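Residue-level structural notes
The lines below spell out each chain.
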Amino acid sequence: MTGKKITRRTFVADTGKIGLGVMIVPRHVLGGVGFQAPSDTMNFAVVGFGGMGSENALELAKTENLVAFADVDFAYSASKVAEKLKDDEKKDRPEGITLKQKFDKAARYSDFREMLDKQKDIDGVVIATPDHLHAVVAKAAMQNGKHVYVQKPLTYSVHEARVLRDLAIANPKIVTQMGNQGHSSDGARLVNEWIQSGIIGPVRDVHVWTNRPVVYWPQGVPRPTGSPPPAPGQSPFGNPFSFRYVNQLLASALGSYPVPPGLHWDLYVGPVAEDVPYHPIYHPFNWRGWINFGVGALGDMGAHLIDHPFWALGLTYPTSIEATSTQWGTMPIPPDPKAPAGSREARGYNKPVSYPVATSVHYQFPARGAQPPVKLNWYDGGLYPPRPDLLPDDITLKSEGGVIFIGEKGILMNDTYGSNPRLFPVSLTEEAALVPKTYERIPWSHEVNWVKAIKGETKASSPLEYAAQLTETMLLGIVALRTGQGRKILYDGDSMRVTNIAEANQYLTREYRAGWAV
């Protein structure tokens, strides 16, 4: 690092040396309008900079210190910084230039554990790694007394969500936030006020949809093998190009690649117990579709879409979940001669490795006081919900997704992130205009809300106490999906247990590589 950074600690120590008199000079005299004293400036680190981490850092860099970055691929991180130097019209972007200056000066680590061990001036940590690392990094940071901002989904598994929630409750001085920025929006608050004032009456059904992963990242594809394609087998239909054989050809055609210089692939794999060879299909961004690293479209967009009905309706744990989907992406597992006779291991089988292109998940939630039970329906991969009868024929459901609350008196729709809430029939709009604003609006970004909460100026919008339960609900859809088609799992949220299908409980957690367990 170059230059000497002014931290809160050194500032307080230095002012103590030069006497109390300095402390009574008004702040506007010291720095003018908008001046932020060094004592009010926080030191932040970012783990996983290349994607949303760089967006979060762009926001923090406007007012705070960025003292350290931990990433396994700094070449990619640097490219994301470069992208932010110009706006869409190719003009200099001041906030991007500020970010680059701070990025260039900050300490860099390939291993976040080394950063937490060596860098003692960090106040808070932004965690924007692939999903499989979220809980590992967040837990380590919180155990080191750091405030945490964790990108959505909060965790990879239900078990991890419980661990982080318990840790947050046990450490109330640590300020936490999940990166579902729509939770801080005006639209989300308007949805809450309209639903809770009874504008559309009691709600029993909710439909939520997104077009992800379509056109964003691949799913339903086999793991690359880098091996020569197998010979076509015999087919009772006279054509050897079966679904399975086409996938074997695709796995072979994807080839194999050496790990690029500067990419620390072993640290990228992190807690994954399985040995996953490097392939550019995983990094960057596409990791979302692979079981080892992500939790698919439901994990990606559920925090932005399920969030609003979960919050507005005061939902807790679902009591049952069922899911169906298109074909998983698989890899063949050859027969094991040592396995028990008749077992799938003895026969050989196809192991799921990437999530299906499209899924639908159906959650049942119990009544809450005077509010009736709710069925929440999720659709992804370009699937749409059925159109409600009250929805005018000329209203088009947006391909990128949205939410439909179906009440006894009407329906409420909002777009992704809680934006653009609207009512049908439109006659309800006049009544809605009279609903008082009972939820305080947040005039800053989601990141700044977290920073101000750390400084004691406000409360975090989406703290782990809330975010963990939302995340658990999202991930229970993945548990149901992995349990199998045509099956319904019954869930006891108090004990974190599937009660009717014992083998489903294995999907509430995961196997960890030695030394990485949460």
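Residues numbered from 1 in each chain as written. Predicted model: local features only at pLDDT ≥ 70, side-chain atom pairs only at ≥ 80, totals over all residues. Heavy atoms only, no water.

1. Overview of the overall build of the protein chain
Let me state the cut-off plainly: A helix here means a DSSP run of H or I that spans at least four residues, while a strand means a run of E at least two residues long, and both kinds are numbered starting from the N terminus. It is over C-alpha atoms that the radius of gyration is taken, and the globule rule equals 2.2 Å times the number of residues to the power 0.38. Buried, partly exposed and exposed residues are distinguished by accessible area as a fraction of the type maximum, computed with a 1.4 Å probe on protein chains only: under 20%, between the cut-offs, and over 50%, respectively. Contacts were defined at the residue level, with two residues in contact if any of their heavy atoms lie within 4.5 Å.
If you tally the helices and strands in the protein chain, you get 17 helices and 17 strands. Its C-alpha radius of gyration of 25 Å places the protein chain within 12% of the 24 Å reference for a compact globule of 518 residues. Projected onto its principal axes, the C-alpha coordinates of the protein chain cover approximately 90 × 60 × 50 Å. Expressed as a percentage of its 518 residues, the buried residues of the protein chain come to 53%. Sequence-distant contacts in the protein chain: of pairs separated by 6 or more residues, those separated by 24 or more amount to 72%.

2. As for the sheet that holds strand 6 (residues 176–178)
Our working rule: Here a strand pair is declared whenever DSSP counts at least two bridges between the two strands. Between N-to-C directions, angles span 0 to 180 degrees; the directions come from axes that are lines fitted to C-alpha atoms, helices contributing only their stretch in contact.
Taken in spatial order, the six strands of this open sheet run 3-2-1-4-5-6, and their pairing is parallel. Each of the sheet's edge strands pairs with one partner strand only, and the pair in question is strand 3 (107–109) and strand 6. Taking the axes of each pair of neighbouring strands and ignoring which way they run, one obtains an average angle of 20° across the sheet. Of the pairings in the sheet, the one linking strand 1 (residues 43–47) to strand 2 (residues 65–70) comprises five bridges and is parallel in character.

3. Focus: the pattern of salt bridges
Let me state the cut-off plainly: Salt bridges are identified by distance alone: a Lys or Arg side-chain nitrogen within 4 Å of an Asp or Glu carboxyl oxygen.
Scanning the model with the defined rule gives 25 salt bridges in all. Here Lys80 makes a salt bridge to Glu83, at a shortest N to O gap of 3.2 Å. With Lys80 and Glu83 both in helix 4 (residues 74–83) and three residues apart, the pair spans about one turn of that helix. Salt-bridge contacts for Lys351 lead to Glu274; the nearest nitrogen and oxygen are separated by 3.2 Å. On the criterion of sequence distance, the pair formed by Lys351 in strand 10 (residues 349–354) and Glu274 in the loop between helix 11 (265–269) and helix 12 (296–305) is long-range, its members being 77 residues apart. You can call Glu274 partly exposed: its relative accessible area is 23%. A single network of salt bridges, built from pairs that share partners, joins Lys152, Arg212, Arg288 and Asp300.

4. A short note on the side chain of Thr473
Of note, Thr473 is situated in helix 17 (residues 464–483). On the basis of relative accessible area, Thr473 is assigned to the buried category, the value being 1%. Setting aside chain neighbours within four positions, we find Thr473 in contact with Phe310, Thr316, Pro318, Tyr363 and Phe365.

5. Considering the sheet that holds strand 12 (residues 374–379)
The strand order across the open sheet formed by nine strands is 15-14-13-7-12-11-8-16-17, and the pairing between neighbours is mixed. Each edge of the sheet is formed by a strand with only one pairing partner; in this case those strands are strand 15 (422–424) and strand 17 (497–498). Contacting strand 7 (203–209), strand 13 (402–407), strand 14 (411–415) and strand 15, helix 9 (residues 186–196) crosses the sheet at an angle of about 170° to strand 14. Docked against the sheet, helix 12 engages strand 7, strand 11 (359–365), strand 12 and strand 13, running at close to 130° with respect to strand 12.

6. Quick word on the environment of Ile174
Mapping Ile174 onto the fold places it in the loop between helix 8 (158–170) and strand 6. On a C-alpha basis, the gap between Ile174 and Phe293 in space is 27 Å, while along the polypeptide they are 119 residues apart. Once residues lying within four places of it in the same chain are set aside, the contact partners of Ile174 are Met142, Gly145, Lys146 and His147.

7. Remarks on the packing of aromatic side chains
Stated precisely, the cut-off is as follows: Pairing of aromatic rings covers Phe, Tyr and the six-membered ring of Trp, with a centre-to-centre limit of 6.5 Å; geometry is then stacked below 30 degrees between planes, edge-to-face above 60, and tilted otherwise. Whether a charge sits over a ring comes down to the Lys NZ or Arg CZ being within 6 Å of the ring centre and within 35 degrees of the ring normal.
If you walk through the whole model with that rule in mind, you get 23 aromatic pairs. Ring centres of Phe74 and Phe103 lie 6.5 Å apart, and the angle between their planes is 45°; this geometry places the pair in the tilted category. One end of the pair, Phe74, is in helix 4; the other, Phe103, is in helix 5 (residues 94–105), and 29 residues separate them in sequence. Side by side, Phe74 and Phe103 carry an identical accessibility label, which is buried. These aromatic residues form a ring-pair network of at least three members: Trp265, Tyr268, Tyr278, Tyr282, Trp290 and Phe293. The ring of Trp516 carries the charged tip of Arg113 above its face, separated from the ring centre by 4.2 Å. Seen from the ring of Trp217, Arg288 lies directly overhead, with NZ or CZ sitting 6.0 Å from the centre.

8. A closer look at the confidence of the model for the protein chain
For clarity, the cut-off: Every residue carries a pLDDT, the predictor's confidence in it, which falls somewhere between 0 and 100.
Of all residues in the protein chain, 92% have pLDDT values of 70 or greater, and the mean over the chain is 92. Confidence drops under pLDDT 50 across residues 1–34; counting only partners more than four residues distant or on other chains, this segment forms 31 contacts.

9. Overview of a nonpolar patch on the surface
Which entries qualify depends on this criterion: In this analysis, a patch consists of residues with relative accessible area above 30% that form no salt bridge, clustered at 9 Å for like charges and at 5 Å for the nonpolar side chains Val, Leu, Ile, Met, Phe, Trp and Tyr. We get accessible surface area from the Shrake-Rupley algorithm with a probe of 1.4 Å; when it comes to residues, only the shown protein chains can shield them.
On the surface, a cluster of nonpolar side chains totalling about 420 Å² of accessible area is made up of Val214, Val215, Tyr216, Phe285 and Val357. Relative to the helices and strands, Val214 is located in the loop between strand 7 and helix 10 (243–253).

10. Concerning the environment of Ser427
Position of Ser427 relative to the elements: it lies in the loop between strand 15 and helix 15 (428–432). Look at Ser427 and you get exposed, because its relative accessible area is 53%. Between the C-alpha atom of Ser427 and that of Ala107, which follows or precedes it by 320 residues, the distance is 58 Å.

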